[in-house]
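Spelled out, the chains give:
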Amino acid sequence: MRDRLTPLTIPSRTGRLAIVTGANSGIGKATARALGLAGADVVLAVRDVAKGTAVAEELHAEHPEGSHTVAELDTSDLASVERFASEYADRRVDILVLNAGIGGTRKRELSVDGHELTMATNYFGHFALTARLLESLRRASRARVVTLGSLVAKNGRIRPDDLDLERRWSSRRAYANSKLAMVMFARELQRHSTAGEWGLNAHAAHPGWAATGLFPGNPLHRIGAFLGGTSRLMQSASDGAQPVVFCAASRQAAAGAYYGPIGPFGTSGPVGKAPLPRPARSAKALTALWQATEELLGVSFAA
């Protein structure tokens, strides 16, 4: 599928350290490429190191002056998150893109820590990673933290007392809830940063309907890929990454805001502010999710 949008013009990120989770494919890979081209030192935080290394070599071949390092990170495993974060405990992290994710499972599966796997991979691990990198982020000048939402986040129905979906599980509900949680996390992270003077800018972004391979068996994606040359509803991974890159690097990105494509139905098109899911507009709901997640994971943002 060809890119249709003009790549964003972003300021030089030379000398900045950027961590992109799930950077071995799709939106993560496209984001890592864009930040590398802007001069950032990019860490490809990936579960499969061999695949990540192949991507790093590909990006180096495209842009030999760029810096792309591969590091192992499985966001579904809290021990892996802790090991990864410890490697950057004494570093300054300027950009953290929380992109890694799965599209759901056919049956309810648990992570190694006993959490619902989709929530663990898409949300819990990223929450814990940000908490453990908080001091590294605070060392930067206005560090950016970008969470990945989704068009389906509006379908999420989060119960803080059942984040693991033990009572009512479905693959679609788990994915929608994980993405709603990511949007809500960005909003509450920004509130905590402002109140605590952490100096972070938190943003949420969604890629619209992008050809990323996240849902390989979904017939809608097969149809969209078939119509790719003419359809205005589906876009490439590079185009889908533009809201993420905008949040990670553009001076125009507003802290605490949610961005995505602003074409028809929000599935493709240029970058603009996206409608917030209703729970992400409720201070009470944001606080409840934050507190429940801290308690469930045993992770604190105490600075």
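Refer to the structure presented above.
Residues numbered from 1 in each chain as written. Predicted model: local features only at pLDDT ≥ 70, side-chain atom pairs only at ≥ 80, totals over all residues. Heavy atoms only, no water.

> Any chance you could break down helix α6 (residues 171–196) for me, citing the residues and the numbers?
For α6, with 26 residues, the first-to-last C-alpha span of 36 Å sits near the 38 Å given by 1.5 Å per residue. Positive phi shows up at glutamate 197, right after α6, with a value of about 55°. (Helix = DSSP H or I, 4+ residues; strand = E, 2+ residues; numbered from the N terminus. Expected span 1.5 Å × (residues − 1).)

> Describe the packing of aromatic side chains, listing the residues and the values that go with them.
Using the criterion set out here, one finds twelve aromatic pairs in the structure. When the centroid spacing of 5.1 Å and the interplanar angle of 40° are considered together, the rings of phenylalanine 127 and phenylalanine 185 count as tilted. Of this pair, phenylalanine 127 sits in helix α4 (residues 117–132) while phenylalanine 185 sits in helix α6, placing them 58 residues apart in sequence. Here phenylalanine 185 falls in the buried class, since its relative accessible area comes to 1%. Taken together, the ring pairs connect Tyr123, Phe124, Phe127, Phe185, Trp198, Trp290 and Phe301 into an aromatic cluster. (Phe/Tyr/Trp six-rings, centres within 6.5 Å; stacked < 30°, edge-to-face > 60°. Buried < 20%, exposed > 50% of the residue type's maximum accessible area, 1.4 Å probe, protein only.)

> Got a sec to walk through the environment of leucine 276? Specific residues and values, please.
Note on placement: leucine 276 falls in the loop between β8 (271–273) and α10 (283–297). Residues leucine 276 and tyrosine 258 lie 18 residues apart in sequence; the distance between their C-alpha atoms is 6.7 Å. When neighbours within four sequence positions are excluded, leucine 276 is seen to be in contact with Val183, Arg187, Tyr258 and Arg281. (Contact = heavy atoms within 4.5 Å.)

> Can you tell me about the pairing of strand β6 (residues 200–205), naming the residues and giving the values?
Looking along a regular strand, one sees the side chains alternate between the two faces of the sheet. Of all six residues making up β6, six are buried, and the element is well covered by its neighbours. By the bridge criterion, six bridges tie strand β5 (residues 143–148) to β6 in an arrangement that is parallel. What sits directly across from leucine 148, in β6, is alanine 205. Viewed along the sheet, the connection from β5 through α6 into β6 turns out right-handed. With two bridges connecting them, β6 and strand β7 (residues 258–261) associate as parallel partners. Bridged to alanine 204 within β7 is tyrosine 258. (Pairing = 2+ DSSP bridges. Right-handed = clockwise from strand over helix to strand, strands pointing away.)

> So, the sheet that holds β8: which residues are in play, and what are the values?
Strands sit in the order β3-β2-β1-β4-β5-β6-β7-β8 across an open sheet of eight strands; the sheet is mixed. Both edges of this open sheet fall to β3 (67–72) and β8, since each of them pairs with a single strand only. Going across the sheet, the axis of each strand differs from the next one's by a mean of 25°, ignoring polarity. α6 contacts β4 (95–98), β5, β6 and β7 of the sheet and is inclined by roughly 160° relative to β6. (Axes fitted to C-alpha atoms, helices over the stretch in contact; angles between N-to-C directions.)

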